[in-house]
Amino acid sequence: MRKLASGALTGILALGALTACAQEPSAGSAKADGGSGKVAFLMPDLASTRYEQYDAPLFKERMARLCPDCEVLYQNANADASLQQQQANSAMTQGAKVIVLDPVDSAAAATIVQTAQSQGVKVVAYDRPIPDKPADFYVSFDNEAIGEAIAQSLVDHLKETKATGGVLQINGSPTDAAAGLIKKGIHNGLDGSGFKLLAEYDTPGWAPEKAQQWASGQISQYRGRIAGVVAANDGTGGGAIAAFKAADVKVPPVTGNDAELAAIQRIIAGDQYNTISKPIKIVAEAAADVAYKLLQGEKPKTGTTLFSTPSQLFKPTVVTQKNLKEVTFGPEGVLKAKDVCTAQYAADCRRLGIQ
């Protein structure tokens, strides 16, 4: 069982800074090289607010700096794998030479990769891998490490507080290969922890309402015996928390992942125990860098290989009340205190020194 080093945040910040310094293009360099072209940026769903708020804008901004004459074709499939296939086909029809793809369904996405590569179009798997047909590159945070980190953080907290009982495990979508990696990591953190796994659930489409519905049933079945909940992302974690509140039962420590605004507010208020900070700026800019290199016919630098795909995997950081101020509102943070510390959370923000 591995634990993330306490200096993970420092490493991420340093990596981000080095990447920016090493790969930042000089003014007009793309034009000077004759660089231009179309790049598709295809995201999977609207249930996670991150894609519209952060991933797409940050990717577009980086591409504009790298290649002012390039055009980004952005689409969101709203959790519809068939729609995502149509969007990919449309992007290729419009002349996209690189597709950056966060798949709705990792298995179905193999068809997109096959079709694209047969037409000479490069595919960059983004956040979620595509195991059945290797893409040309994969950019993500280390999803297995994410699962292990949130589970281990919860286990450590339960032991520290001398909690008794068992744990519920709420995984992500069964059609998402990244969810499978997170699930594996969670088991790495829970297995042998001494806390019994009471029940486990794979959440269709990562839908918070389905996670809430399932958690409601478990609360009825295991009332008084649930010491904690390992949820694979903030949406499913939020669903679990809503279930406990609806049942008028004290909310146990619940994990999350993605550091969404609502999750940060829940952590500040004490409703959610942890989340994962994955500075989206890092992966969005890395994906843009890779897409630009592929567009120019160059080979991106590889850090490792996953599912037979050259990959860059970045280290995640666990966020709890103890380090929330530093991580969330530090140099790489995308949230602002004024947006997080609304009237409902103002007192708790002051208690944590967040201004």
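Scroll up to find the structure.
Residues numbered from 1 in each chain as written. Predicted model: local features only at pLDDT ≥ 70, side-chain atom pairs only at ≥ 80, totals over all residues. Heavy atoms only, no water.

1. What to know about the overall build of the chain
Helix and strand counts for the chain come out as 14 helices and 12 strands. Out of the 355 residues in the chain, the part that is buried amounts to 54%. Contacts in the chain between residues far apart in sequence, at least 24 positions, make up 73% of those at least 6 positions apart. Of the roughly 14900 Å² of accessible surface on the chain, a fraction of 50% belongs to carbon and sulfur atoms. (Helix = DSSP H or I, 4+ residues; strand = E, 2+ residues; numbered from the N terminus. Buried < 20%, exposed > 50% of the residue type's maximum accessible area, 1.4 Å probe, protein only. Contact = heavy atoms within 4.5 Å. Areas by Shrake-Rupley, 256 points an atom, 1.4 Å probe, with all protein chains shown as cover.)

2. Re the packing of aromatic side chains
Within this structure, the stated rule accounts for 5 aromatic pairs. Consider the rings of F41 and Y126, whose centres lie 5.4 Å apart with planes at 70°: the pair is edge-to-face. Of this pair, F41 sits in strand β1 (residues 37-43) while Y126 sits in strand β4 (residues 122-126); the two residues are 85 residues apart in sequence, bridging distant segments of the chain. According to the relative accessible area criterion, Y126 is buried, its value standing at 0%. Both rings, one in Y201 and one in W214, keep their centres 5.2 Å apart while their planes meet at 5°; by these two values the pair is stacked. Taken together, the residues Y201 in strand β7 (residues 197-202) and W214 in helix α8 (residues 208-221) connect sequence positions 13 residues apart. The exposure class assigned to W214 is buried, which follows from its relative accessible area of 14%. Put simply, the rings of F41, F59, Y74 and Y126 pair up and form one aromatic cluster. (Phe/Tyr/Trp six-rings, centres within 6.5 Å; stacked < 30°, edge-to-face > 60°.)

3. Looking at the state of the cysteines
Formally, a disulfide is one covalent bond, and it connects the sulfur atom of one cysteine to the sulfur atom of another. Within this structure, the stated rule accounts for 2 disulfides. Each disulfide pairs two cysteine sulfurs, and for C67 the partner residue is C70, the sulfurs being separated by 2.0 Å. With the S-S dihedral at roughly 70°, the linkage between C67 and C70 falls on the right-handed side. Disulfide pairing is shown between C341 and C349; the S-S distance is 2.0 Å. Disulfide C341-C349: the torsion about the S-S bond is -90°, which places it as left-handed. In the chain, numbering the disulfide-bonded cysteines from first to last in sequence yields the connectivity 1-2, 3-4. (Disulfide = S-S within 2.5 Å.)

4. Some thoughts on the pairing of strand β8 (residues 226-231)
Most of β8 is tucked away: 6 of the 6 residues are buried. As defined by bridge partners, strand β6 (residues 166-171) adjoins β8 across 5 bridges and the pair is classed as parallel. Note that in β8 the partner of V167 across the bridge is G228. (Pairing = 2+ DSSP bridges.)

5. So, the side chain of S106
With respect to the element layout, S106 can be found in the loop between β3 (96-101) and α5 (109-118). Setting aside its immediate chain neighbours within four residues, S106 contacts P129, I130, P131, T175, D176 and A177.

6. Re helix α3 (residues 50-66)
Its 17 residues give α3 an end-to-end C-alpha distance of 23 Å, which sits within 8% of 24 Å, the value for a rise of 1.5 Å per residue. Taken together, the buried positions of α3 are R50, Y51, Y54, D55, A56, L58, F59, R62, M63 and L66. (Expected span 1.5 Å × (residues − 1).)

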